[in-house]
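Observations on the model geometry
Each chain, letter by letter, is given below.
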Amino acid sequence: MKFIEVKNYQQMSETAAEYIMKKVLDNPSITLGLATGGTPTGTYQNLIKDHQKNGTSYQHVTTFNLDEYIGLAGTDKNSYRYYMDENLFNHIDIKKANTFVPKGNGRNIEEECNRYEDLLAGHGGIDLQVLGIGSNGHIGFNEPGTSFQSKTHIVNLAPSTIEANARFFNRPEEVPTQAITMGISTIMKSKEILLLVSGESKRDAMYQLLHSELNENFPASVLKNHPCVTIIADEAAILDLKIPMLKE
Ligand code: PGA
């Protein structure tokens, strides 16, 4: 794992955006794996700013998102499809047809999981996957206890995840309790992974990531088995953690 320490959320967002932009310039038809949540919004803002200022083009880029809530249509403002459109896709020159997010409101969700997994494989997999981490160590919506062999599947969200996501909804009972997520084996097939970690609420997760053994009860620990992971973490997330062995 490569480790980049930054000062704060803003610097993490700028550094991550530069990292992604460089990959897009090197390979204009790159397939990006994208994440939602609070962590990557600043990164997306910086990508938009760069697109507007420097014209970095996404015309030939394909994207696959990690996950989607079950029960929400893509037009629902809390769906991850809506999040992606609003926070990134509507503001750059990507072709919407080349942006994929699992469909959370279909009639047959099992079938949708298989379709998504096959679609991704058919595209040749992900070149660069952007990841956040849950305070319980989840990646995508792969909650503690998920098999490292898992493919795209249906998950029951952990109470701590539902609680963490409640801030985006008007009422706690509106927060979906299930989601579709790329599986851990799906994520691990990405050629490269960029993990973004910001804030004090992620400090425990960061500590465990650095110190725990491979362990299905801490899903992010699987990343230790991946040959090409870069972590960008800010001071609040790593305060007092001893990480010299990760620094290059
Ligand atoms: P957050 O979520 O970016 O909203 O903190 C990260 C995650 O749950 O993976």
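Residues numbered from 1 in each chain as written. Predicted model: local features only at pLDDT ≥ 70, side-chain atom pairs only at ≥ 80, totals over all residues. Heavy atoms only, no water.

**Some words on the packing of aromatic side chains**
The final tally for this structure, using the stated rule, is 7 aromatic pairs. Aromatic side chains phenylalanine 64 and phenylalanine 100 sit 4.8 Å apart centroid to centroid with 20 degrees between the ring planes, which places their arrangement in the stacked category. Of this pair, phenylalanine 64 sits in strand S3 (residues 62-65) while phenylalanine 100 sits in strand S5 (residues 99-100), and the two are 36 residues apart along the sequence. The two residues phenylalanine 64 and phenylalanine 100 agree in class, both being buried. (Phe/Tyr/Trp six-rings, centres within 6.5 Å; stacked < 30°, edge-to-face > 60°. Helix = DSSP H or I, 4+ residues; strand = E, 2+ residues; numbered from the N terminus. Buried < 20%, exposed > 50% of the residue type's maximum accessible area, 1.4 Å probe, protein only.)

**Some words on the pattern of salt bridges**
The final tally for this structure, using the stated rule, is 10 salt bridges. Across the pair aspartate 85 and arginine 81 runs a salt bridge, and its minimum N-O distance is 3.0 Å. On the criterion of helical spacing, the pair formed by aspartate 85 and arginine 81 is a turn pair, its members being 4 residues apart in helix H3 (residues 80-87). Judged by its relative accessible area of 17%, arginine 81 falls in the buried class. Note that arginine 171 is salt-bridged to glutamate 174, the shortest N-O span being 3.5 Å. (Salt bridge = Lys/Arg side-chain N within 4 Å of Asp/Glu carboxyl O.)

**Digging into the nonpolar core**
Membership of the largest hydrophobic core comes to 33 residues, with the highest contact counts inside it found for Leu131, Met182, Leu195, Val197, Met206, Leu223 and Ile231. Of all the elements in the fold, those that place two or more residues in this core are helix H4 (109-122), helix H6 (184-188), strand S9 (192-197), helix H7 (203-211), strand S10 (229-234) and helix H8 (235-238). Among the elements that take part in this core, H7 stands out by supplying 4 residues, more than any other. Not counting the four nearest positions on each side in its chain, methionine 206 is found in contact with Phe3, Val197, Ile231, Ala233, Ala237, Ile238 and Leu241. Among the nonpolar cores identified, the runner-up in size contains 27 residues, and Val24, Tyr83, Ile92 and Ile232 belong to it. (Core = buried A, V, L, I, M, F, W, Y, C linked by side-chain atoms within 4.5 Å. Contact = heavy atoms within 4.5 Å.)

**Side note on the packing of helix H2 (residues 41-54) against H3**
Each packed pair of helices is defined by two parameters, the angle between the axes and the distance between the axes. With their axes 10 Å apart at the nearest point, H2 and H3 run at an angle of 40 degrees to one another. For the pair H2 and H3, contact is made by Thr41, Tyr44 and Ile48 and by Tyr83, Met84 and Asn87, respectively. (Axes fitted to C-alpha atoms, helices over the stretch in contact; angles between N-to-C directions.)

**Quick word on the side chain of threonine 63**
Following the sequence through the fold, threonine 63 ends up in strand S3. Under the relative-accessibility criterion, threonine 63 is labelled buried at 2%. When neighbours within four sequence positions are excluded, threonine 63 is seen to be in contact with Leu32, Leu34, Phe89, Ile94, Asn98, Thr99 and Phe100.

**Some remarks on the UniProt feature "domain: Glucosamine/galactosamine-6-phosphate isomerase" (unreviewed entry) in the protein chain**
Per the UniProt record, "domain: Glucosamine/galactosamine-6-phosphate isomerase" (unreviewed entry) is found at residues 10-224. Along residues 10-224 one finds 34% helix and 14% strand; the C-alpha atoms at either end are 26 Å apart. (UniProt positions renumbered as here; feature names shortened; annotations may be inferred.)

**Notes on the sheet that holds S10**
Strand order in the open sheet formed by 7 strands is S1-S10-S9-S6-S2-S3-S5, and the pairing between neighbours is parallel. The outermost strands of the open sheet, each flanked by one partner alone, are strand S1 (2-6) and S5. The strands touched by helix H1 (residues 9-26) are S1, strand S2 (31-34), strand S6 (128-131), S9 and S10; relative to S9, the strand with the most contacts, the crossing angle is about 165 degrees. Along the sheet face, H7 touches S1, S9 and S10 and points at about 145 degrees away from the line of S10. (Pairing = 2+ DSSP bridges.)

**Here we look at the site of the ligand**
Around the ligand, the surrounding shell consists of Gly37, Gly38, Thr39, Gly132, Ile133, Gly134, His138, Arg167 and Lys202. Between threonine 39 and the ligand, the recorded distance is 2.5 Å, taken from a side-chain N or O atom to an oxygen atom. In the environment of the ligand, an oxygen atom lies 2.6 Å from a nitrogen or oxygen atom belonging to the side chain of histidine 138. Notes on the ligand: free accessible area 280 Å², of which the protein chains cover 80%. Partitioning the shell around the ligand into residue classes produces 1 nonpolar, 6 polar and 2 charged. (Near = heavy atom within 4 Å. Polar contact = N/O pair within 3.5 Å; in protein donor to acceptor, adjacent residues only side chain to side chain. Areas by Shrake-Rupley, 256 points an atom, 1.4 Å probe, with all protein chains shown as cover. Nonpolar A, V, L, I, M, F, W, Y, C, P; charged D, E, K, R; others polar.)

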